[in-house]
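Coordinate inspection notes
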Amino acid sequence: MSDTQTLIENRPPSVAALFLERVAATPDGEAYRYPVPPASGQGPDEWKSLSWGQAATRVFAIAAGLIELGIRPEQRVALSSSTRVEWILADLGIMCAGAANTTIYPQTNADESAFILSDSESRVLIAENAAQLAKAREKRAELPELAHVVVIDPEGAETGDDGWVLTLAELEARGAAYLEKHSGAVKERVAALTKDQLATLIYTSGTTGRPKGVRLPHDNWAYMAKAIAATGMVGSDDVQYLWLPLAHVFGKVLTSGQIEVGHVTAVDGRVDKIIENLPVVQPTYMASVPRIFEKVYNGVAAKARAGGGAKYKIFQWAAEVAREYAKVSQDNFRRTGTAAVPFGLAAKHKVADALVYAKIREAFGGNLRACVSGSAALAPEIGYFFAGAGIHILEGYGLTESSAASFVNPGEAYRTGTVGKPLPGTEVRIADDGEILLRGPGIMEGYHGLPDKTAEVLEADGWFHTGDIGELSPDGYLRITDRKKDLIKTSGGKYVSPAEVEGQFKAICPYVSNILVHGADRNFCSALIALDEVSILEWAQENGLGGKPYADVVAAPATVELIEGYVKKLNEGLQRWQTIKKFRLLPRDLDVEHGEITPSLKLKRPVVERAYKHLIDEMYEGALEA
């Protein structure tokens with residue numbers, strides 16, 4: 001048995017047990033960094049740190065506080081908060097109390113939050129602030145099981161006097177008092193945990209109907225922690241920047257890996273602070289979703305265009321050099337084990353690095369060794385651009401039902417356009433229809449209270465049907481081609497992968513924010529396109545449309561003509577049946593609040609198609625003649 005197999009197979013039953021091991025091993029080591037806004041509200045945030053020992057003091061107090069409130073093993077404690085250090089401490093506190101965390105996105109409306117709280121039978125809700133408390137209070141009559149709400153940030157929160165609401169500080173104080181009388185209570189709960197006990201309920205954001213609760217036992221997270229460590233992708237000296245929503249499985253799995261490896265994590269979920277935070281945190285490692293890389297790429301391209309024709313030509317040249325450099329070096333590494341490139345290409349790359357790439361790396365903090373991208377497909381042309389610029393994006397793949405991380409690209413041997421190889425201990429096979437099937441210790445127990453839905457995707461022998469279509473290379477690299485249900489079949493019988501076309505357009509057009517390709521049972525493909533507000537308004541300023549609101553700019557004939565040029569360029573590289581014959585610009589960008597994209601920034605196709613049905617119908621009027 002290899003060292004890797006031994007490491008994974010001899011794993012403890014829970015991440016709670018791993019956390020105790022980590023605290024015992026490096027109590028004074030830095031665990032978390034978090035921002036504290038200035039009291040005046042002006043100026044930059046101050047970043048503070050928690051050691052593993054300090055984190056444990058708070059985690060134990062939260063766990064003991066929950067025990068004191070009467071929480072028993074496997075009972076559910078819900079957590080509705082944005083990504084912040086208290087989310088992680090509360091999650092660990094819930095685990096160390098033997099309870100199970102039900103995660104809720106803070107953007108979830110009152111009705112769906114109440115459904116999740118009710119369906120999960122959550123006994124306690126840990127709510128970020130007054131807004132999250134208000135949603136629970138509005139539905140209190142429908143939630144007889146919900147005994148308490150704990151508020152992290154009590155400013156403006158009406159606590160009342162019936163004991164239903166208490167602050168996180170009060171919960172920790174009660175827990176600390178409880179531990180004075182029962183000093184071993186938390187460690188006893190952790191020692192009693194078994195690998196099959198429920199650790200987390202994550203509700204998938206369904207595009208139709210109610211979300212399903214995915215049951216992830218403790219063993220899923222313990223396996224993930226050990227498997228991530230076994231890849232060698234991160235080391236104890238790394239500094240991770242964590243902004244992803246922790247209610248999402250991708251964000252959550254990163255906290256498990258960190259505990260096993262012991263590196264520092266800087267936590268701040270404010271997406272609008274990413275650009276400001278990166279030079280301050282100077283991370284060596286960051287996980288993200290494709291939308292962030294697309295925004296950075298489009299932002300750099302738009303800035304170069306705004307600098308005048310000469311600057312834009314330099315950027316376009318540098319972008320092509322980056323892509324060529326990445327493709328050649330990856331191909332050489334695959335064939336020979338070295339990433340050497342011809343002298344002429346290396347010389348061009350050196351010049352482009354000084355003019356363009358170095359500035360991009362500085363914007364990421366200057367120390368970034370690697371990024372992991374997941375949750376959706378990254379357009380290969382954008383991936384190659386960043387690879388050539390020295391920002392190495394290791395694409396990965398997984399689902400909520402597989403505890404997030406089933407595949408990831410291996411370090412130096414990464415291949416842009418693939419999601420890499422399976423994590424140690426995970427099996428994969430491709431079904432006859434191209435569907436990816438997975439089996440291993442990361443696969444869910446099933447859907448909460450939905451045995452029929454579980455049986456639809458989980459076979460008796462452990463194989464999980466992902467619903468994704470993919471291809472395996474002879475040496476084990478997986479390429480995702482599409483969601484099984486998202487493949488478009490035109491009325492002419494041709495299959496089109498919308499994600500592939502959408503990804504290519506994002507690599508061509510620097511003004512796009514979101515695009516949805518439509519064409520199922522139609523005789524041609526069309527697209528709904530939302531433009532990035534910042535970049536298109538900058539363009540408008542320089543093209544006679546300055547001062548106009550976004551909706552007026554996107555409706556302007558000049559803007560439509562601009563985007564039409566990029567659509568024509570896209571079509572030049574597509575098969576005839578894939579080409580976009582017509583498109584419409586949306587009057588606003590797609591967003592989480594309207595339910596059009598998920599909190600992890602994935603497109604909800606049915607929602608968008610319903611909302612803009614009138615535009616789709618308009619494009620297909622007289623389609624028989626098209």
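Numbering of residues begins from 1 in every chain and follows the order in which that chain's sequence is written. Where local features are concerned, this predicted model is filtered to residues with pLDDT of at least 70; where side-chain atom pairs are given and counted, the filter is 80 or more; whole-chain, interface and lining totals use all residues. Side-chain numbers here rest on the full set of heavy atoms in the structure, without hydrogens or water.

1. Examining the nonpolar core
Ranked by size, the top nonpolar core spans 165 residues in total, and within it Tyr-32, Phe-386, Phe-505, Ile-529 and Ile-563 carry the most contacts. Of the residues forming this core, the biggest block, 10 residues, is contributed by helix H3 (residues 52–68). The criterion used for residue contact is that any of the two residues' heavy atoms lie within 4.5 Å. Excluding residues within four positions of it along the chain, Phe-505 makes contact with Val-512, Ile-515, Ile-529, Ile-563, Tyr-566, Val-567 and Leu-570. Within this scheme, the nonpolar core is defined by two criteria: the residues are buried Ala, Val, Leu, Ile, Met, Phe, Trp, Tyr or Cys, and they are joined through side-chain atoms within 4.5 Å. Burial classes follow relative accessibility: with a 1.4 Å probe on protein chains only, a residue under 20% of its type's maximum area counts as buried, one over 50% as exposed, and anything between as partly exposed. Formed by 19 residues, the second largest nonpolar core is a distinct cluster that contains Ala-78, Ile-104, Leu-146 and Tyr-203. Helix and strand assignments follow DSSP, with helices taken as H or I runs no shorter than four residues and strands as E runs no shorter than two, numbered in order from the N terminus.

2. A few points about the sheet that holds strand E9 (residues 213–217)
What makes two strands pair is DSSP finding at least two bridges between them. As summarised here, the arrangement of the eight strands in space is E7-E6-E5-E3-E4-E8-E9-E19, forming an open sheet in which the pairing is mixed. The open sheet has two edge strands with one neighbour each: strand E7 (165–167) and strand E19 (446–447). As paired elements, strand E5 (residues 124–127) and strand E6 (residues 148–151) share four bridges and run parallel to each other. Across the sheet, the residue bridging to Ile-126 is Val-150, located in E6. Every axis corresponds to a line fitted to the C-alpha atoms, with the helix fit spanning only the stretch in contact, and the corresponding angles, defined between N-to-C directions, vary from 0 to 180 degrees. Contacting strand E3 (76–80), strand E4 (100–104) and E5, helix H4 (residues 85–96) crosses the sheet at an angle of about 145° to E4.

3. Some points on the state of the cysteines
The criterion for a disulfide is a pair of cysteine sulfur atoms lying within 2.5 Å. One pass over the structure, following the stated rule, counts zero disulfides. Unpaired in this structure, Cys-509 has its nearest cysteine sulfur neighbour in Cys-525, at a distance of 18 Å.

4. With respect to the environment of Lys-582
For Lys-582, the position within the fold is in strand E26 (residues 580–585). Residues Lys-582 and Ile-563, spaced 19 residues apart in sequence, show a C-alpha to C-alpha distance of 11 Å. Setting aside its immediate chain neighbours within four residues, Lys-582 contacts Phe-524, Cys-525, Ser-526, Ala-527, Met-619 and Glu-621. Contacts described as polar in this section are N or O atom pairs within 3.5 Å, which, within protein, must combine one atom able to donate a hydrogen with one able to accept it, while residues neighboring in sequence count only if both atoms come from side chains. A polar atom in the side chain of Lys-582 sits 3.1 Å from the backbone oxygen of Met-619.

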